[in-house]
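Chain and residue survey
What follows is each chain in one-letter form.
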Amino acid sequence: MRIAEITTPDLRLHHRETESRTQHPLLSEIELLIQQSEAISKNQPLPQSLPLSLRQSLTRLSQLAPFPDNSFKLTIWKLSFRLWNACVDLSNAASLQSSSTSAEIIANLRHVAADMLFLAKDVNGVPSPTIKSSILYYRTGLVWHSLKKFDLASDCFERATEIVSKIDIAKISDAGEKRLFLDLNLARSQTAWETSDRNLAVTLLNRAKNLLFGSPEHYKSLSNQFLAFGKSSLARDDDDCGLNDALRLMNEALDLCEKGLGTAKTREDTMEFTTMRIKTLRFISAVHLQKGEFESVIKCVKVLRNGGNGSDVADQHASLPVLAMKAWLGLGRHSEAEKELRGMVGNKDIPEAVWVSAVEAYFEVVGTAGAETAKGVFLGLLGRCHVSAKAALRVAHRVLGESRGGDNGSRIRANVVAQLVSDERVVALFAGEAVTKERKAIHSVLWNSASDHFRAKDYEISAEMYEKSMLYIPHDIENRVFRAKGFRVLCLCYLGLCQLDRALEYIEEAEKLEPNIACSFLKFKIYLQQKDYSCAIGQINAMTSCLDFSSDYLSLSAHEAISCQALPVAIASLSKFLSFHISGKTMPTTEVVVFRTLVTILTQDIGSETQALEFMLQAESRSAKIGAECFFGSGETGKREQNWFAVTCWNLGSRCGSAKKYELCGEFMRLASEFYGCLDTDESGEIKMMICRSIILSVTAMIALEKQNKSALTETEVKLAGELLVRAGKIMSSSLSDGKDCIMEPEFIFMYTLVAYDIHGRLDNSAFQLLVVKTFAGSKSCNYNYLLQLGIFASQSPRSNPDVSTFAFNECLSALIASASPDYPTIALIIRKLISISSVHKGDTEDEEAIQKMYKQAYRIMVGLKEGEYPTEEGKWLAMTAWNRAALPVRLGQFETAKKWLSIGLEIAEKVTGMDTYEACMQDYLAGFQTKVPSA
């Protein structure tokens, strides 16, 4: 609303005379900015900097306070009014109303106008300047409130309240000014409520009781505000505290209505207060109902119906019988609730939705005990509706509602409707051509309800509703399809109830009316659940002979069989599916998917690895026959399929290996290498390594099977293993030749070395055995533990190779000695092994010297060690065997050689704990030996 300009003649004349003398540069600056706001057209966007510029100018202007004279203040007032009116014009522009940004800019301009008026304060010659200033703040606060800027709205309302607080209320006579005091409190209260400061909101409403001034309008406004807060609290809070707050606020509203009746001077005011009182009482009843205070609900309803407490008008609102019925139900007085429910039948003002809600509430509390009562009420409603088919349809549809089944209330409603629609009188309403549309509609209503209960897995109610829906299908040729469909869904219901014999009866009836693939498949499903697998497999063949057969049913049959854990049936179904592929028929599912599904089914059952291997071999054969791209598919899909077969073979091979089924393990791993070989090995070195791993494990499984069966590998098997290992070796060599480190795990490289040594030993290729061990020893994957195992295997296997074992032990010994913390028990073991190998395979004098070097090396290792750090038993063995080695040279007269062995034995004995006695004897013997044999 625009504000009128100051039009007092004396003020205008005085202002013109002094304007030129009092115009301050800041005022001129402000006036220019206001002119900008006045000049904005409707379609022109508002400059966002305008409020900020005005605010900055106003801040500088406030620093000049107190102002020099009254004319200066008048100028500020005039500028404030101009700015406010410009804001009103801008707000009325249609193009700006939908823009929240523009609305906030205008609100900021309004705020500046209010602040300007407040800055000038009292001006001589302007009537009620304080009231005018507070009005601007009040209206600005309303704008901020509508924009949900509650902090700014609260600031405006509080500033307006602060301004008018200095006015003596008793001296106010103007009705508009009195209304301003009330409206300010109400506005502040609303803003506090929005910011969740409920205590302040209610406090402000209580203060407003002192600002009613005996005005009926004031009583109405304050009462409506109390009621609005009560309704808000009721809708927002469901706890006891929130309900208590709602009840307290509504009681305040009711009290103000009753007091307001005493101030009413016109019939219109009296009627309005009466209406407000009745409305408030209804809400109070609803609060009592939510709180479970049912007695209070009954009292409120009685007051409303009797028109008590000063009201001669009896309330007949449609909600009253619903409130009363729910209250009686809460009190456990079902007979009174039934009376209210029956009374609603004759009340034509009650909407059907309200009536249905009341029935649902009645059902929820009374349950099945009220089914007969409900059916009687239904028939009463049909009588009220002249017992027409359309009325019966509407009632049935309303009672069933939009529920999706699964809950107790839905079951009860469905049972009641089932009893109603199966009544002969109701069925007769839908007979004849005239009600064809209604008959189809009631069939759809019952069918949909049955479907909802079926989806909720409430098969008992679903079957009952399907059976009742079939009462509304004529027995003629045109409806044979619908009747067959009904029999089929009844079969599904009794399948869900596990009443398989009854389900079979229904599906046979359906097959008589309409033989098709659906009937055949449901018979298959029944046989499956009866665990009659032979009939189920026979039904698979019957399905393929149906005119509307689709291969999708074979897939579905396989899924059903899997869910029933009937693996033979699933395999039979998929095998039938596969036969269509092999015969060349076009199928919706690719051949590779069928193979994958078959293998997946078999892998679920431990013990079916042999069958899985058969299908894997078939898949490999088909892939080789029609081509990998044709079989697996092209692009990324083909790669994923190939990878799946490769990984599955790997996993099955690993599982068989863990179960010690080495024959299956070897075959699966060989297949895995073939499937991995179909992938593009140029893209990823990991694929090459997987080929190597598969080959290594395959050959390892062959050797393990040999040990398990205690029968040697045939020559053919040895050659095959050799060829596989050559392939693996080439792949690893090519990876290393590319300048890349081998990405295969060290244990696999060790396994390759071990089995390659074994297989090439069988092929009498000792040179390759040494080469493969030397290659492994020079790789990063090698460690002393692997070398130790290779040395032991090479020295103890049936086809031992002393060169390999000696090399492996020496490399292992070097690695251990170079270690920061040598493993001396292992070192002792290696030295013993080396000495034993050299002793067994000793040839000439150089071998004798080599053995002596080993003993001396052991002695040098012992030097400086703590007591017991070198294994005592090994030290004793070294000392004793070195000493005993002198016996043969003594007998042969090789005294120099004997002296060397005796000296080595004595030196070692001196380093071994517990050989003190031996040491003394050895010293005596050596001294005597040197005396007897001077040349020694």
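For every chain, the first residue of the written sequence is number 1, and numbering continues from 1 onward in sequence order. Local features in a predicted model are, by the rule used here, given only for residues with pLDDT of at least 70; side-chain atom pairs are given and counted only at 80 or more, and totals for whole chains, interfaces and linings are based on all residues. In computing side-chain properties, one takes all heavy atoms of the structure into account and sets aside hydrogens as well as water.

The name an unreviewed UniProt entry assigns to the protein is Protein ZIP4 homolog, from the organism Camelina sativa.

**What about the overall build of the protein?**
For clarity, the threshold we go by: Think of it this way: any DSSP run of H or I at least four residues long counts as a helix, any run of E at least two long counts as a strand, and we number them from the N terminus. Each residue is placed in one exposure class: buried if its accessible area under a 1.4 Å probe, protein chains only, is under 20% of its type's maximum, exposed if it is over 50%, and partly exposed if it falls in between. Contacts were defined at the residue level, with two residues in contact if any of their heavy atoms lie within 4.5 Å. Accessible areas in this description were obtained via Shrake-Rupley with a 1.4 Å probe; residue shielding takes into account the shown protein chains only.
Scanning the protein from terminus to terminus reveals 46 helices and zero strands. Put simply, the protein has 936 residues, and 47% of those count as buried. For the protein, contacts bridging at least 24 residues in sequence account for 64% of all contacts bridging at least 6. A total accessible area of about 45700 Å² is found for the protein, and carbon and sulfur atoms account for 51% of it.

**Re the pattern of salt bridges**
Rules: A pair is scored as a salt bridge if a Lys or Arg side-chain nitrogen falls within 4 Å of a carboxyl oxygen belonging to Asp or Glu.
Inspection of the entire model under this criterion finds 37 salt bridges. Of the charged contacts, one joins E104 and K149 as a salt bridge, the two residues approaching to 3.5 Å between their closest N and O atoms. Within this pair, whereas E104 is found in helix α6 (residues 100–120), its partner K149 is found in the loop between α7 (129–146) and α8 (150–164), the two being separated by 45 residues in sequence. Note on K149: relative accessible area 31%, which makes it partly exposed. Notably, a salt bridge pairs E686 with R693, separated by 2.9 Å at the nearest N-O pair. For E686, a relative accessible area of 34% corresponds to the partly exposed category. Via salt bridges that share partners, E217, K220, D269 and E272 belong to a single interconnected network.

**Considerations on the packing of helix α30 (residues 591–603) against helix α31 (residues 609–626)**
For clarity, the cut-off: Here the axes come from fitting lines to C-alpha atoms, over the contacting stretch only for helices, and the angles between their N-to-C directions go from 0 to 180 degrees. Orientation labels follow simple angle bins: below 35 degrees gives roughly parallel, above 145 gives roughly antiparallel, 65 to 115 gives roughly perpendicular, and whatever is left gives oblique. Crossing handedness is defined as follows: a turn of the near helix away from the far one that is anticlockwise and smaller than a right angle gives a left-handed crossing, while the clockwise case is right-handed. Under the scheme applied here, ten amino acids are nonpolar (Ala, Val, Leu, Ile, Met, Phe, Trp, Tyr, Cys and Pro), four are charged (Asp, Glu, Lys and Arg), and all others, including Gly, are polar.
Running from N to C, α30 and α31 cross one another at 165°; their axes reach a closest spacing of 9 Å. Overall, the two elements α30 and α31 adopt an arrangement that is roughly antiparallel. Seen along the crossing, α30 lies across α31 with a hand that is left-handed. Across the interface between the two elements, E591, F595, L598, V599 and L602 from α30 touch Q611, A612, F615, M616, Q618, A619, R622 and I626 from α31. For the contact of α30 with α31, the per-class residue count stands at nine nonpolar, two polar and two charged.

**Here's the deal with the packing of aromatic side chains**
For the record, the criterion: Classification of ring pairs uses Phe, Tyr and Trp, with its six-membered ring standing for Trp, and accepts pairs whose centres are within 6.5 Å; under 30 degrees between planes counts as stacked, over 60 as edge-to-face, and the remaining range as tilted. Any Lys NZ or Arg CZ found within 6 Å of a ring centre and within 35 degrees of that ring's normal is scored as a charge over the ring.
Taken as a whole and assessed by the stated rule, the structure comprises 26 aromatic pairs. On the numbers, 6.3 Å between centres and 40° between planes, the contact of W650 with F748 is tilted. Here the residue W650 occupies a position in helix α33 (residues 635–658), and F748 occupies one in helix α37 (residues 746–762), the gap between them amounting to 98 residues. The pair formed by W650 and F748 is uniform in burial state, with each residue classed as buried. A centroid spacing of 6.2 Å and a plane angle of 55° characterise the contact between F895 and F929, whose relative ring orientation is tilted. One end of the pair, F895, is in helix α45 (residues 895–910); the other, F929, is in helix α46 (residues 916–932), with 34 residues separating them in the sequence. Overall, the relative accessible area of 7% leaves F929 in the buried class. Each member of the aromatic cluster is reached from another via a ring pair, and the members are F595, F631, F632, W644, F645 and F675. In this structure, R110 packs its charged tip against the face of W84, placed 4.9 Å from the ring centre. The lysine or arginine in question, R693, covers the ring of F748, its NZ or CZ lying 5.8 Å from the ring centre.

**Section: a positive patch on the surface**
Inclusion rule: Exposure above 30% relative accessible area and no salt bridge define the residues that can form patches, which grow by joining like charges within 9 Å and nonpolar side chains of Val, Leu, Ile, Met, Phe, Trp and Tyr within 5 Å. None of His or the chain ends enter the tally, which takes Lys and Arg as positive and Asp and Glu as negative. Charged groups are reduced to one reference atom each: NZ for lysine, CZ for arginine, CG for aspartic acid, CD for glutamic acid.
Taken together, K853, K856, R860 and K900 make up a surface patch of like positive charges. Per-element accounting of the positive patch gives the leading share, three residues, to helix α42 (residues 845–862). One can find K853 in helix α42. Under the relative-accessibility criterion, K853 is labelled exposed at 58%.

**Some remarks on the nonpolar core**
Operational definition: The definition of a nonpolar core used throughout is a set of buried Ala, Val, Leu, Ile, Met, Phe, Trp, Tyr and Cys residues joined through side-chain atoms within 4.5 Å.
Counting 131 residues, the largest nonpolar core has F668, V699, I831, Y855, Y870 and L878 as its most contacted members. Ranked by the residues each element gives to this core, the list is headed by helix α35 (residues 685–709), at twelve residues. Contact partners of F668, with chain neighbours within four places excluded, come to E609, A612, L613, M616, C649, L652, G653 and C656.

**Side note on the side chain of R110**
Mapped onto the fold, R110 is located in helix α6. One buried charge, R110, has no salt-bridge partner; the nearest side chain with opposite charge is D89, at 9.0 Å. Residues contacting R110, with those up to four places away along its chain left out, are W84, C87, V88, S91, T140 and V143.

**Regarding the environment of A570**
Note that A570 resides in helix α29 (residues 567–582). Overall, the relative accessible area of 0% leaves A570 in the buried class. Beyond its immediate stretch of four places on either side in the chain, A570 contacts A558, A561, I562 and I601.

**Some remarks on helix α4 (residues 70–92)**
Working note: α-helix, 3.6 residues per turn, so residues spaced by three or four point in the same direction. Just so we agree on the cut-off: Expected helix span is given by 1.5 Å per residue-to-residue step, counting one fewer step than there are residues.
Taking 1.5 Å as the rise per residue, α4 with 23 residues should run 33 Å; its terminal C-alpha atoms sit 33 Å apart, in good agreement. Taken across its 23 residues, α4 has 17 buried, putting it largely inside the fold.

**Focus: unusual backbone geometry**
The bulk of non-glycine residues show a negative phi, and the bulk of peptide bonds are trans. With a phi close to 65°, K457 is a non-glycine residue in the positive phi region. Mapping K457 onto the fold places it in the loop between α22 (436–455) and α23 (459–469). We classify K457 as exposed; its relative accessible area is 61%. In this model, C498 sits at a positive phi of 60°, which is unusual for a non-glycine residue. Residue placement: C498 occurs in the loop between α24 (480–496) and α25 (500–513). You can call C498 exposed: its relative accessible area is 59%.

**As for α30**
Taking 1.5 Å as the rise per residue, α30 with 13 residues should run 18 Å; its terminal C-alpha atoms sit 19 Å apart, in good agreement. For α30, the set of buried residues is E591, V592, V594, F595, L598, V599, I601 and L602. In this structure, the buried side of α30 is in contact with α28 (552–563), α29, α31, α32 (628–632) and α33.

**Observations regarding the packing of α35 against α37**
Interhelical geometry of α35 versus α37 gives an angle of 50° and a closest axis separation of 10 Å. As summarised for this structure, α35 and α37 are arranged oblique, according to the angle between their axes. Crossing geometry of α35 relative to α37 is assigned as left-handed. For the pair α35 and α37, the contacting residues are R693, I696, L697, V699, T700, I703 and E706 in the first and F748, M751, Y752, V755, D758, I759 and R762 in the second. Taken together, the residues of the contact of α35 with α37 break down into nine nonpolar, one polar and four charged.

**Details of the environment of Q930**
Its place among the elements puts Q930 in helix α46. Assessed through its relative accessible area of 35%, Q930 is described here as partly exposed. Taking the C-alpha atoms as reference, Q930 lies 9.4 Å from F895; in sequence the two are 35 residues apart.

**Overview of the side chain of Q225**
The residue Q225 is located in helix α11 (residues 216–236) in this model. The contact partners of Q225, leaving out residues within four places of it in the chain, are L186, Q190 and L205.

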